Amino acid sequence: MNSYFALLTSIVIGIGGQLSLKAGALQSFGSKINLFLQPYVLVGLVSYFVAALFYIYALKKIPISVAYPTVAISYAVVSFLAHLLWGEPFGVKQVIALLLIGLGIFTLNHS
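Residues numbered from 1 in each chain as written. Predicted model: local features only at pLDDT ≥ 70, side-chain atom pairs only at ≥ 80, totals over all residues. Heavy atoms only, no water.

Participant: In this structure, what is going on with the nonpolar core? I would like to understand it.
Facilitator: Considering soluble globular proteins, one finds that nonpolar side chains tend to be buried as a cluster. Ala6, Leu7, Ile11, Ile15, Leu19, Tyr55, Ala58, Ile62, Val66, Ala67 and Val78 form the largest nonpolar core, which has 11 residues in total. Going through the elements one at a time, α1 (3-26), α3 (39-58) and α4 (64-70) are the ones with two or more residues in this core. Take this core: its biggest share by element is five residues, from α1. (Core = buried A, V, L, I, M, F, W, Y, C linked by side-chain atoms within 4.5 Å. Buried < 20%, exposed > 50% of the residue type's maximum accessible area, 1.4 Å probe, protein only. Helix = DSSP H or I, 4+ residues; strand = E, 2+ residues; numbered from the N terminus.)

Participant: Would you mind showing me how to read the packing of α1 against helix α5 (residues 73-86) here?
Facilitator: Axis angle and axis distance: for two packed helices, these are the angle between their axes and the distance between the axes, and together they describe the pair. For the pair α1 and α5, the least separation of the axes is 10 Å and the interaxial angle reads 35°. Judged by the sense of rotation from one axis to the other, the crossing of α1 with α5 is right-handed. Counted together, Ile11, Ile15, Gln18, Leu19, Lys22, Ala23 and Leu26 of α1 and Ser74, Val77, Val78, Leu81, Leu85 and Trp86 of α5 form the full contact between these two elements. Of the residues belonging to the contact of α1 with α5, the class tally is 10 nonpolar, two polar and one charged. (Axes fitted to C-alpha atoms, helices over the stretch in contact; angles between N-to-C directions. Left-handed = near helix turned anticlockwise from the far one by under 90°. Contact = heavy atoms within 4.5 Å. Nonpolar A, V, L, I, M, F, W, Y, C, P; charged D, E, K, R; others polar.)

Participant: Which parts of the structure should I look at to understand the confidence of the model for the chain?
Facilitator: The predicted coordinates should not be examined in detail at positions where pLDDT is low. In the predicted model, the chain carries a mean pLDDT of 91, and the fraction of residues at 70 or more is 99%. For the chain, helix α2 (residues 32-35) is the element with the lowest average pLDDT, namely 78, and α3 is the one with the highest, namely 97. (pLDDT = per-residue confidence, 0-100.)

Participant: I tried to follow the environment of Ser10 on my own but got confused; where do I start?
Facilitator: Tracing the backbone shows Ser10 in helix α1. Sequence separation between Ser10 and Pro63 is 53 residues, and the spatial gap between their C-alpha atoms is 15 Å. The residues contacting Ser10, other than those within four sequence positions of it, are Ala51, Phe54 and Tyr55.

Participant: Quick question: what am I supposed to make of the pattern of salt bridges here?
Facilitator: Oppositely charged side chains can pair when the atoms bearing their charge come close. Summed over all chains, the structure comprises one salt bridge. Ionic pairing is found between Glu88 and Lys22, a salt bridge with its closest N-O pair at 3.0 Å. In this pair, Glu88 sits in the loop between α5 and α6 (92-109) while Lys22 sits in helix α1, placing the two residues 66 residues apart along the sequence. Look at Lys22 and you get partly exposed, because its relative accessible area is 29%. (Salt bridge = Lys/Arg side-chain N within 4 Å of Asp/Glu carboxyl O.)

Participant: What is the right way to look at α5 in this model?
Facilitator: A turn of α-helix holds 3.6 residues, and therefore any two residues three or four places apart point the same way. The end-to-end C-alpha separation of α5 is 20 Å, in line with the 20 Å expected for 14 residues at 1.5 Å each. Inspection of α5 places Ser74, Val78 and Ala82 among the buried residues, and these make up the whole buried set. The buried residues of α5 occupy an angular sector of 65° when projected down its axis, which confines them to one face. Turning to α5, the residues buried within the fold contact α1. (Expected span 1.5 Å × (residues − 1). Arc of directions from axis to C-beta.)

Participant: Help me out: how do you make sense of the side chain of Ser47 in this one?
Facilitator: Mapping Ser47 onto the fold places it in helix α3. With residues near it in sequence (within four places) discarded, Ser47 still touches Ile13 and Gly17.

Structure follows, in structure tokens:
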């Protein structure tokens, strides 16, 4: 498997995990222990574990100084999807911040 494909897979699964955790957090769960038994929370935690496995594989060939900042792509995607799904803020400040993150990722991957 290509290391960059593994990194991309890790990012996509991590995005799904983050959205699942948010969906689980929005459910009414009564006690704190019940929070961890919410299906969305369980899916989110498992997603993070699987994403970590793909990330570890990617690190075999990709320098961590490139791989770790590249994962920041997920910040932009999660922010945008959270805006669409739950109406979370996504204004000028968020767009500028995400563009700066994107510029940093581009710079690291093309230096």
